[in-house]
Amino acid sequence: MNSKKDKLVNFLTNKPVIIWGARMTGMGFLRFSTSNNLNVLNFIDSDPALLGKKVNNKIVMAPKDLSLLKKINPDLIIVIAVSIKEDEIIKKLKIMGFTDDDFVLYSDYCDAYYTIDVVGTCNLRCASCAYTIEGQKYSKGLMSLEDFKQVVSKIKSEVDIVTHVSLYNWGEPFLHPELNKIISHLHENGIAAAVSSHLSIVTGSQIRKVIKAAPEYLKISLSGYYPNVYDVTHAGGNINLVISNLYRIRYFIDQFKANTLVDVNYHLYTNNNGKNLIKMQELCDELDFTLSSVNSLVMPLERVIDYVEGKDEAKTAELNKILPVTIEEGMSVASDYKLDSCPFMDNQVNINYDMSVPVCCTVFDQTDTIVTKNYLKSSLSEITNAKHKVKLCTKCMNYNLPAYNMGFNRKKLEEIALQKTSTDN
């Protein structure tokens, strides 16, 4: 019997392919396609920040361009390569006149998406992050390169297809002295690498090593251009250091001809969406980096549940005042999208630096959310079964928080955000 990988490759061979999803999942599928001699024409993505950009040397086009591409290539197949929101994409395709024969879901062939938090700490204390929770106990440390290699080996032994791995969740991966070797090991195994960083790090040599290793995707998280604004929501960071490091990244990408998409993930608050956002967009245009602005959320999951249940958490209440979309507003919009299951739990495997596995990427408290203490000693089926026994998940689904965290109905959310007056104009 053919494996899922063989079935997918056989189906797509000798057909023109479009990948819907130009970020990490799509980049991973492009690496897989190149390894298997598939004919990928372009990316499609609905994010305006990506349109017209080259991602791994493939132009990103808009969904409206699909009809013309189909006329030019009648046997065109669209591969939907995203980790969430597949239903929204399918709905768009059906409205445009495409049928089930015109597209495939990458998730039908890929059993899980993997996140490995190689660093178990962070040197910042950002307002919306789990590390700001007072009294929260968490272990600190780094995943060794040898342990990482064992994890990758086990992943490959358990699933037919693994095309990409994200090397972050709560921690700051640039604090790992061997991050470049971790990225290179993924590439040696035919796996694309995603890295995220706040980039408020002093060492230029680390940046040089990482860019030389050429991760496919590098997300830079920040929340302002000027110190008086950035310091409020990225406590402990230095925006001038971040900006200088962005120039370093541009320099090293050019020096090493690294095929890395730099995506500046700008966290929107009501105190930074005026002149701060304009200045950061100008900088990204200068450096030819993508700027993706996102309405900030309160994290982690436990913190939101505490707030919804009326537990006294002064920091969350204070933060909620400067969110473009408050917790209440976001949950109201999400109420139109009742999910039967949770994509975070169903298709993601998150591995902490110490080998423990949480039920999903949105939780932080390790008291009741760890499904196994050692990924290497638990099978994928055992991990999946254990997830369904986590009590917090029932509460999360009852509050419809997966839909809230995924930001369904982006148009409505943006309408709410635009009604708020910016304080940095």
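Here's what I pulled together on the structure shown here. (Residues numbered from 1 in each chain as written. Predicted model: local features only at pLDDT ≥ 70, side-chain atom pairs only at ≥ 80, totals over all residues. Heavy atoms only, no water.)

Description of unusual backbone geometry
Note the cis peptide between M299 and P300, where omega equals 0 degrees. Relative to the assigned elements, P300 resides in the loop between β14 (290-295) and α11 (301-308). Unusually for a residue other than glycine, N14 sits at a positive phi of about 70 degrees. Take N14: it is sitting in the loop between α1 (4-12) and β1 (16-20). Since its relative accessible area comes to 73%, N14 is described here as exposed. (Helix = DSSP H or I, 4+ residues; strand = E, 2+ residues; numbered from the N terminus. Buried < 20%, exposed > 50% of the residue type's maximum accessible area, 1.4 Å probe, protein only.)

Describing empty space enclosed by the protein
The full count for this structure, using the stated rule, is 1 cavity of 30 Å³ or more. Looking at the largest cavity, its volume works out to about 160 Å³. Along the walls of the largest cavity sit 17 residues, with D117, W170, N352, F364 and Q366 positioned nearest its centre. Classifying every residue of the lining of the largest cavity by side-chain character gives 8 nonpolar, 6 polar and 3 charged. (1 Å grid on protein atoms, 1.4 Å probe; cavity = no way out; pocket = protein on both sides within 12 Å on 5 of 7 lines; lining within 4 Å. Points joined across faces, edges and corners; volume = space filled by probe spheres on them. Nonpolar A, V, L, I, M, F, W, Y, C, P; charged D, E, K, R; others polar.)

Some words on the nonpolar core
Among the nonpolar cores identified, the biggest contains 99 residues, and Y114, L167, I249 and M280 are the most heavily contacted of them. The dominant element in this core, judged by the number of residues it contributes, is helix α9 (residues 239-256), at 7 residues. Those residues in contact with M280 that lie beyond four places of it in its chain are L222, G224, Y225, I239, V264, Y266 and L291. Formed by 31 residues, the second largest nonpolar core is a distinct cluster that contains F32, F43, I77 and A194. (Core = buried A, V, L, I, M, F, W, Y, C linked by side-chain atoms within 4.5 Å. Contact = heavy atoms within 4.5 Å.)

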